[in-house]
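# What the coordinates show
Spelled out from the first residue to the last, the chains are:
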Amino acid sequence: MTISPAQNGPLKIAFTFDRRSQYLSQGVAYEDCAQFETDEVIDLMAKAIERQGHQVDMVGNLRDVVKCLAQDPLPDWDLVFNYSEGHGGCASMREARMPALLEAYGYECVFADSAGLAKGHDKALTKMVLEHYSVPTPPSAIVPPLRVTGPEKDLTPARSAITSSRHASSLAVYPLFAKPTSECCSVGITKITSPHDLEPAVAALRQRYPDQEILLEPFLSGREFTIALVGTGDDARVLGVQEIVFPQDKEDNFCSFNWKMFESAKSVEYPDVKNPEPAVAKSCEAALRAWKAIGCRDLGRVDVRMDEANENAYVLEDWLSIAPVGGLNLAKVEAMGAWLFTIKQPQKLGADKRVNNR
């Protein structure tokens, strides 16, 4: 089935999303739905698209989409603005399920497709892809899921993972980070300060996330940048750069879940991406290479952290660090929605080209 939108007129846009308020009202823990947007953000994005002359169908989450696709005839959507995160089921496929379902019915989604989301939402897989394409990313080791090994097969799974990793020497220096491979918003990320704490910390994460691998990485103490990117493939380019500024009195200078959700993040923006300082230039280059390697498209961001000397930039695999869209504040939401759906200028985005070429 092929959806054929009007070539030059307004489009009928299906807007898919997960409302945080809806999940909280159903008893889902805040930590498990923190990545979902507020009602205010969702409504602002819809209004921005409508102001461009397009019709917005406020569809909702995956279950809402399933109900729509059960109709005969099928909905006459021209394009899907997919902002859904997904909930439940296989963790690594949460975000990929929505576009996969829509693609099976012939609908085109803005932002990453199902393949890109399947890769990008699995930190271990993302890391393998980045390393294959020689994109700089922190050295790592992977502890297998508890459901695969069982509790008694290996009493020191973290040490075994490090020993068998080709990055063993880099992982001998503390602190280390332990991360479940398919969570976002820094959920579950644990800073390990000594070898004595390694196995207990990893064991706790494996018990909490028995179906996920646990990723071990060294801590990078340099500057951190969020790189906004736009476009697809060879047309992709850096749109802007933001540096995360950690308070001087903050002991753990990294983006933990609590810091992201409940503390005030300060940042410095670098709008001149054509003549950046060396650290910004290196970060932009690494981010753009990662964007292409993972197969991201349209609009999103990549997070990059420098080493202690601020000489080398490393792409962080943490989802949404290589993301279809993420880290937007309210002041920018309306502008993004309006800009993205200025369909009359098809050279801007891969999404525009896909719409107009069908």
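Structure report, in brief. (Residues numbered from 1 in each chain as written. Predicted model: local features only at pLDDT ≥ 70, side-chain atom pairs only at ≥ 80, totals over all residues. Heavy atoms only, no water.)

### Notes on helix H4 (residues 62-69)
Cut-off, in case you're wondering: To sort residues, take the accessible area from a 1.4 Å probe on protein chains only and compare it with the maximum for the residue type: under 20% means buried, over 50% means exposed, and anything in between is partly exposed. Every helix listed is a DSSP run of H or I at least four residues long, and every strand listed is a run of E at least two residues long, numbered separately from the N terminus. Arc, as used here, means the arc of the directions from the helix axis to the C-beta atoms. Any two residues whose heavy atoms approach within 4.5 Å are treated as being in contact. Polar contacts, as counted here, are pairs of nitrogen or oxygen atoms within 3.5 Å of one another; within protein the pair requires one atom able to donate a hydrogen and one able to accept it, and residues that are adjacent in sequence qualify only if both atoms are side-chain atoms.
Buried within H4 are the following residues: Val 65, Cys 68 and Leu 69. The buried residues of H4 occupy an angular sector of 95° when projected down its axis, which confines them to one face. Of the exposed residues in H4, the ones pointing more than 90 degrees away from its buried face are Arg 63 and Lys 67. The inward-facing, buried residues of H4 abut strand S1 (12-17), strand S2 (55-60) and helix H5 (97-104). A distance of 3.2 Å separates the backbone nitrogen of Arg 63 from a side-chain oxygen at the start of H4, and that oxygen is part of Asn 61.

### Points about the packing of H4 against H5
To describe two helices that pack against each other, one gives the angle between their axes and the distance between the axes. Note the threshold: In this description, a line fitted to the C-alpha atoms serves as the axis of each element, helices being fitted only across the stretch in contact, and the angle between N-to-C directions of two axes falls anywhere from 0 to 180 degrees. Our angle categories are set so that under 35 degrees counts as roughly parallel, over 145 as roughly antiparallel, 65 to 115 as roughly perpendicular, and the remainder as oblique. Three classes are used: nonpolar for Ala, Val, Leu, Ile, Met, Phe, Trp, Tyr, Cys and Pro, charged for Asp, Glu, Lys and Arg, and polar for all others, with Gly counted as polar.
For the pair H4 and H5, interaxial distance at closest approach is 10 Å and the crossing angle is 10°. Classed by the angle they form, the pair H4 and H5 counts as roughly parallel. Counting all contacts with H4, which are made through Leu 62, Val 65, Val 66 and Leu 69, the residues of H5 involved are Arg 97, Met 98, Leu 101 and Leu 102. Its residues placed into classes, the contact of H4 with H5 shows seven nonpolar, no polar and one charged.

### A closer look at the packing of helix H9 (residues 157-164) against helix H10 (residues 195-208)
In the contact formed by H9 and H10, the axes pass within 8 Å of each other and the chain directions differ by 110°. As judged from the angle between their axes, H9 and H10 are roughly perpendicular. From H9, Pro 157, Ala 158, Arg 159 and Ile 162 reach across to H10, where they touch Pro 195, Leu 198, Glu 199, Val 202 and Arg 206. Looking at the contact of H9 with H10, its residues break down into six nonpolar, no polar and three charged.

### Some thoughts on the nonpolar core
As a reminder, the rule being used: For this analysis, a nonpolar core means a set of buried residues of the types Ala, Val, Leu, Ile, Met, Phe, Trp, Tyr and Cys, connected via side-chain atoms within 4.5 Å.
The biggest cluster of nonpolar side chains holds 24 residues, and the ones touching the most others in it are Ile 227 and Val 315. Those elements that place two or more of their residues in this core are helix H7 (123-132), strand S9 (224-230), strand S10 (237-245), helix H12 (278-294), strand S12 (299-306) and strand S13 (313-315). If you tally residues by element for this core, the top one is H12, at nine residues. Among residues more than four places away in sequence, those in contact with Ile 227 are Val 238, Gly 240, Val 241, Ser 283, Cys 284, Ala 287, Gly 300, Arg 301, Val 302 and Val 304.

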